[in-house]
Amino acid sequence: MKNRWIGLIILCVAVSCSEQRERATVSVQLFEAQLLADAQGPSYAGWDTVSFGSADATIQYVISPKPLLTEWNIAAFKASQPQTDGTRAVTARLNAYAQRSMHDFCSLPTNLKKPLGLRVGDRWLNFNPLLKPVTDRLTLMGFTTQETEQLQRYIDQRSVSYTHLRAHETRHDVVCRL
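Computed from a prediction, not measured in an experiment: that's the story for all the values here.

**Remarks on the overall build of the chain**
Tallying secondary structure elements over the chain gives four helices and nine strands in all. Ordered by position in the sequence, the α and β elements of the chain form the string α-β-β-β-β-β-β-α-β-β-β-α-α. Expressed as a percentage of its 178 residues, the buried residues of the chain come to 33%. Of the contacts made within the chain by residues no fewer than 6 positions apart, 61% connect residues no fewer than 24 positions apart.

This is the structure:
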């Protein structure tokens, strides 16, 4: 009888852990960028070229192959009310890894004047410079309402996933974390 109860409990845990839920996905990436005309020298080898703007006025940038930060580096955020152009500013609170990364990037004063390319999904939102060093928060401009909602669902789901994992910790796991 005891073995049946243990088997039933294991089955229930396995079923609850394997629930197929729709995963919230959003891709937010911030890249170091430079105007194509100013990107001279071997340090820009391997960087991608991006056209940004409207059909009337397009500017070409080169972007680094590796982003400075991604959606994973956003611990939480607050979105502004829609601006006059319908977009929203997002003030993101960065995780410790992103804070160190941005601190290192900002330690060179010339980097504060360089444009940073912000991409959400396949859409380039803007190429703006920082102008001042980043601490634990960063304001990102140009999000649509739908993109802010996707980002919020992603962060909420990521938090739930962590809580879900913690629910399955054994006494041994808890002792090891202390």
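Structure's up, so let's keep going.
**Some details on the confidence of the model for the chain**
On average, residues of the chain score 84 in pLDDT, and 75% of them reach the 70 mark or higher. Across residues 15–21, confidence stays below pLDDT 50; counting only partners more than four residues off in sequence or on other chains, it has four contacts. Taken as a whole, residues 161–165 scores under 50 in pLDDT and shows four contacts with residues more than four places along the chain or in a different chain.

**Observations concerning the side chain of Thr87**
Residue placement: Thr87 occurs in the loop between β5 (74–79) and β6 (88–94). Within polar-contact distance, the side chain of Thr87 engages the side chain of Asp85 at 2.7 Å. Contacts of Thr87, omitting those with residues within four sequence positions, involve Gln81, Pro82, Gly142 and Phe143.

**A short note on the pattern of salt bridges**
Tallied over the full model, the rule gives three salt bridges. The residue Lys114 makes a salt bridge to Glu32 at a minimum N-O spacing of 3.2 Å. Highlighted residues: Lys114 in the loop between α2 (96–106) and β7 (115–120) and Glu32 in strand β1 (residues 28–35), separated in sequence by 82 residues. Among the residues examined, Glu32 registers a relative accessible area of 17% and is labelled buried. Put simply, Asp136 and Arg137 hold a salt bridge, and the shortest N to O gap is 2.5 Å. For Asp136, a relative accessible area of 25% gives the class partly exposed.

**Some words on the sheet that holds strand β9 (residues 137–143)**
Pairing between the strands of a sheet is mediated by backbone hydrogen bonds and can be parallel or antiparallel. An order of β5-β6-β9 is seen for the three strands of this open sheet, with the pairing classed as antiparallel. In this open sheet, the two strands that pair with only one neighbour each are β5 and β9. Between one strand axis and the next, the sheet turns by 30° as a mean value, whatever way the strands run. Inspection of the sheet shows β6 paired to β9 by five bridges, in the antiparallel sense. Bridge assignment links Val90 to a residue of β9, and that residue is Leu140.

**Focus on unusual backbone geometry**
A positive phi angle is found at Leu131, which is not glycine, with a value near 75°. Inspection of the secondary structure puts Leu131 in the loop between β8 (123–129) and β9.

Parameters at a glance
- Residues numbered from 1 in each chain as written.
- Predicted model: local features only at pLDDT ≥ 70, side-chain atom pairs only at ≥ 80, totals over all residues.
- Heavy atoms only, no water.
- Helix = DSSP H or I, 4+ residues; strand = E, 2+ residues; numbered from the N terminus.
- Buried < 20%, exposed > 50% of the residue type's maximum accessible area, 1.4 Å probe, protein only.
- Contact = heavy atoms within 4.5 Å.
- pLDDT = per-residue confidence, 0-100.
- Polar contact = N/O pair within 3.5 Å; in protein donor to acceptor, adjacent residues only side chain to side chain.
- Salt bridge = Lys/Arg side-chain N within 4 Å of Asp/Glu carboxyl O.
- Pairing = 2+ DSSP bridges.
- Axes fitted to C-alpha atoms, helices over the stretch in contact; angles between N-to-C directions.

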